[in-house]
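# Fold and geometry: a report
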Amino acid sequence: MSSIAIIGSQWGDEGKGKITDYFSEQADWAVRSNGGNNAGHTIEFNGHEFKMRLIPSGIFAAKKGAVVGNGVVINPEVLFSELATLADSGIDTSGLKISNRAHVIMPYHILEDEYQELAKGKNKIGTTKNGIGPAYMDKAARNGIRVCDLLEEATFKEKLESNLAYKNSLFTKIYNQEPLEFEPIFEKYLEYGRKLKPFVTDTSVLINDALKRDERVLFEGAQGVMLDIDEGTYPFVTSSNTISGGIAAGIGVGANKLDTIIGVIKAYTTRVGAGPFPTELTNQTGDKIRDIAHEYGTVTGRPRRIGWFDAVALRHAIRVSGINALSLNILDVFSGFDEIKIANTYELAGEKIDYYPASLSELDACHPIYETLPAWKEDISQVKEYTDLPENAKAFLKRIEEISQVPLVTVSVGPDRLQTIVVRNPWEN
Ligand code: GDP
Ligand code: IMO
Ligand code: MG
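Here's a quick rundown of the structure. This is a predicted model, so every value here is computed, not measured. (Residues numbered from 1 in each chain as written. Chains lettered and ligands numbered in written order. Predicted model: local features only at pLDDT ≥ 70, side-chain atom pairs only at ≥ 80, totals over all residues. Heavy atoms only, no water.)

Helix and strand counts for the protein stand at 13 helices and 20 strands. Here the C-alpha atoms of the protein give a radius of gyration of 22 Å, agreeing with the 22 Å that 2.2 N^0.38 yields for 429 residues. By its C-alpha atoms, the protein is 65 × 50 × 35 Å across when sized along the principal axes. Summed over its atoms, the accessible surface of the protein is roughly 17300 Å², and 49% of this surface lies on carbon and sulfur atoms. (Helix = DSSP H or I, 4+ residues; strand = E, 2+ residues; numbered from the N terminus. Rg over C-alpha atoms; globule rule 2.2 N^0.38 Å. Areas by Shrake-Rupley, 256 points an atom, 1.4 Å probe, with all protein chains shown as cover.)

Quick look at the structure:
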């Protein structure tokens, strides 16, 4: 097996960072291919905790290096501050590679994100305000500035001049805001270009060559399928393809290069920001889960919205992403609970449906139909073997496998690397 892709199968924050770090120990390369510093991936080992935004979570363990692919949008300031934090902790980042085709988040993207949200008022998306949407907007509009442009002074100058002229007229005439000055941005980003240069390469060539040599590549997704620009709860989504197809496009490998596609799920559901959430719990049970699992946004600190496990959303994620393995995290949260619920289908206008509606008004009218399973009293946070889990925990896991028709590869009982129960190691078969 030479590649594993790890993607979020809910609305983000499923614990992708933890699982990526875990499987990176046996990988040569760790690769990020979508999103930007809207991501916050938590990793814990040997008493350290890291929250990765742009640099792949596999940087700690992958043997040959970590790669930021062309599908990522890069805020250089965040990248350098992340590198500095890692260096302070003695982590070797010399193997980092950055795609020459990746797009750059510019200061006007961050402002535009904020102004757009303000203008949307009560319909705002609840973005992370990191300029992600506007950077991808410019990419799709074919106005974006790429990493390779930062390395060519004349090209960068021309692109920045025309972009800034447009953004300034947008800011002053539409949003009634101040314009930005050219010179400080130009100087700052030229300097970023100089600092980025040693890391920059054609990462598609690098990873395809590695795959040809049968080296092991671990692809790390950001966000989750339900936040995908095409397949998620549009418009309450992020602006990139978070599905497995986004990996092929976002690194420049053939779609047939993804061997195992692991969908990461939590034992329940969370969502940050606005948008539909049929199984949301706005009661004490939701508050209890938030408290136990510290469900506050890694990037913005916002309290995460909590809900029961949604199998309708999971089946959607499996279908659009070809997920053929599942990693279930935060099983430990239910120790001491009386019962756990799983929404297996929705009821819409008197009919049972098991697909995820595209229309937000239909989604609003959907009522989850729950199955209830007994929980368990035991603390499971130190359990190392699947067989040692309480019977009710195993029955819950079995039910998730049955209704998703996808086997579990890991079950996680705590945030630390060691709190991972391996059911099957995809690197080994
Ligand atoms: P990501 O964005 O998908 O990488 O997930 P985040 O890091 O944003 O959020 C997941 C949170 O759950 C982090 O605080 C992790 O440390 C934590 N976590 C991951 N797995 C487990 C687990 O099995 N049990 C508990 N209690 N926490 C976990
Ligand atoms: P990780 O990789 C959870 C959400 C935001 C907002 C919407 C759009 O840590 O799982 P954006 O800033 O992307 O334009 O915001 O998407 N969002 C996330 N939610 N986890 C993430 O990343 C997210 N990245 C974006 O809260 O609702
Ligand atoms: Mg996160």
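What follows is about the packing of aromatic side chains. Within the structure shown, the criterion is met by 16 aromatic pairs. Pairwise contacts between aromatic rings join Tyr 268, Trp 308, Phe 334, Phe 337 and Phe 396 into one cluster. Sitting over the face of the ring of Phe 80, Lys 195 holds its NZ or CZ atom 4.3 Å from the ring centroid. (Phe/Tyr/Trp six-rings, centres within 6.5 Å; stacked < 30°, edge-to-face > 60°. Lys NZ or Arg CZ within 6 Å of the ring centre and 35° of its normal.)

Near ligand 2 you find 20 residues, and of these Asp 13, Lys 16, His 41, Thr 128 and Thr 238 are the closest. Within the backbone of Gln 223, an N or O atom sits 2.8 Å from an oxygen atom of ligand 2. Notes on ligand 2: free accessible area 550 Å², of which the protein chains cover 97%. (Near = heavy atom within 4 Å. Polar contact = N/O pair within 3.5 Å; in protein donor to acceptor, adjacent residues only side chain to side chain.)

What follows is about the coordination of the magnesium ion (ligand 3). Distances from the magnesium ion (ligand 3) to its protein donors, Asp 13 (OD) and Gly 40 (O), fall within 2.0 to 2.2 Å. Of this pair, Asp 13 sits in the loop between strand 1 (3-8) and helix 1 (16-24) while Gly 40 sits in the loop between strand 2 (29-32) and strand 3 (41-45), placing them 27 residues apart in sequence. (Donors = N, O, S within 2.8 Å, 3.2 Å for Na, K, Ca; no water.)

Our focus in this paragraph is the nonpolar core. Residues Ile 207, Phe 219, Leu 328, Leu 331, Phe 334, Leu 389 and Phe 396 are the most contacted members of the largest nonpolar core, which totals 69 residues. Per element, the largest residue contribution to this core is seven residues, and it comes from helix 11 (residues 311-321). Ignoring sequence-local partners within four residues, the contact set of Ile 207 consists of Trp 29, Val 31, Val 67, Val 217, Phe 219, Ile 251 and Val 253. Formed by 43 residues, the second largest nonpolar core is a distinct cluster that contains Ile 91, Ile 145, Leu 160 and Leu 190. (Core = buried A, V, L, I, M, F, W, Y, C linked by side-chain atoms within 4.5 Å. Buried < 20%, exposed > 50% of the residue type's maximum accessible area, 1.4 Å probe, protein only. Contact = heavy atoms within 4.5 Å.)

Below, the discussion takes up unusual backbone geometry. Residue Pro 235 follows Tyr 234 across a cis peptide bond; omega there is 5°. The residue Pro 235 is located in the loop between strand 10 (217-220) and helix 9 (244-251) in this model. In this model, Gln 223 sits at a positive phi of 55°, which is unusual for a non-glycine residue. Its location among the elements puts Gln 223 in the loop between strand 10 and helix 9. Residue class for Gln 223 comes out buried when judged on its relative accessible area of 8%. We note that Gln 405 has phi near 60°; this positive angle belongs to a residue other than glycine. For Gln 405, the location among the structural elements is in the loop between helix 13 (391-404) and strand 19 (408-412).

Inspection of the secondary structure puts Arg 271 in strand 12 (residues 269-271). It is Glu 280 that comes nearest to the buried, bridge-free Arg 271 among opposite-charge side chains, at 8.0 Å. In this structure the side chain of Arg 271 is engaged in a polar contact, spanning 2.7 Å, whose partner is the backbone oxygen of Pro 276. Residues in contact with Arg 271, not counting those within four places in the same chain, are Trp 11, Leu 227, Thr 233, Phe 236, Pro 276, Phe 277, Arg 304 and Arg 305. (Lys, Arg positive; Asp, Glu negative; His and termini not counted. Salt bridge = Lys/Arg side-chain N within 4 Å of Asp/Glu carboxyl O.)

Next up on the list: the site of ligand 1. In the region of ligand 1, 19 residues are neighbours, and Gly 15, Lys 16, Thr 42, Asp 332 and Ser 412 sit closest. Measuring from an oxygen atom of ligand 1, one finds a side-chain N or O atom of Thr 42 at 2.5 Å. At 2.8 Å from a nitrogen atom of ligand 1 is found a side-chain nitrogen or oxygen belonging to Asp 332. Notes on ligand 1: free accessible area 590 Å², of which the protein chains cover 93%. When its residues are assigned to classes, the shell around ligand 1 shows three nonpolar, nine polar and seven charged. (Nonpolar A, V, L, I, M, F, W, Y, C, P; charged D, E, K, R; others polar.)

You can see Thr 387 is positioned in the loop between strand 18 (367-374) and helix 13. Look at Thr 387 and you get exposed, because its relative accessible area is 59%.

A few words on the environment of Ala 222. Relative to the elements of secondary structure, Ala 222 occurs in the loop between strand 10 and helix 9. Non-local contacts of Ala 222, meaning those with residues more than four positions away in its chain, are made with Lys 16, Arg 32, Asn 34, Ala 39, His 41 and Thr 242.

Before going further, it helps to spend a moment on the pairing of strand 4 (residues 48-52). Taken together, the five bridges between strand 3 and strand 4 define a ladder with antiparallel strand orientation. From the neighbouring strand, His 41 faces strand 4, where its bridge partner is Met 52. Taken together, strand 3 and the strand that follows it, strand 4, pair antiparallel across an intervening segment of two residues, in which Asn 46 is found at a positive phi of about 45°. (Pairing = 2+ DSSP bridges.)

Alternating positions in strand 5 (residues 65-68) separate into two faces, Gly 65 and Val 67 on one and Ala 66 and Val 68 on the other, with burial throughout. Both strand 2 and strand 5 contribute to a ladder of four bridges, which runs parallel. Looking at the pairing, Trp 29 lines up with Gly 65 of strand 5. Bridging between strand 5 and strand 7 (residues 96-99) involves three bridges; their strand directions are parallel. Residue pairing for strand 7: Val 68 is matched across the bridge by Ile 98.

This brings us to the pattern of salt bridges. Using the criterion set out here, one finds 24 salt bridges in the structure. Linking Lys 341 and Glu 339 is a salt bridge whose minimum nitrogen-to-oxygen distance equals 3.9 Å. Residues Glu 402 and Arg 399 are paired through a salt bridge, measuring 2.7 Å at the closest nitrogen-oxygen approach. Linking Glu 402 with Arg 399, this pair stays in helix 13, spanning three residues, or about one helical turn. Residue classification places Glu 402 among the partly exposed residues on the basis of a relative accessible area of 43%. The structure contains a network of salt bridges with shared partners spanning Asp 13, Lys 266, Glu 295 and Arg 304.

Read these as spatial facts, not as claims about activity.
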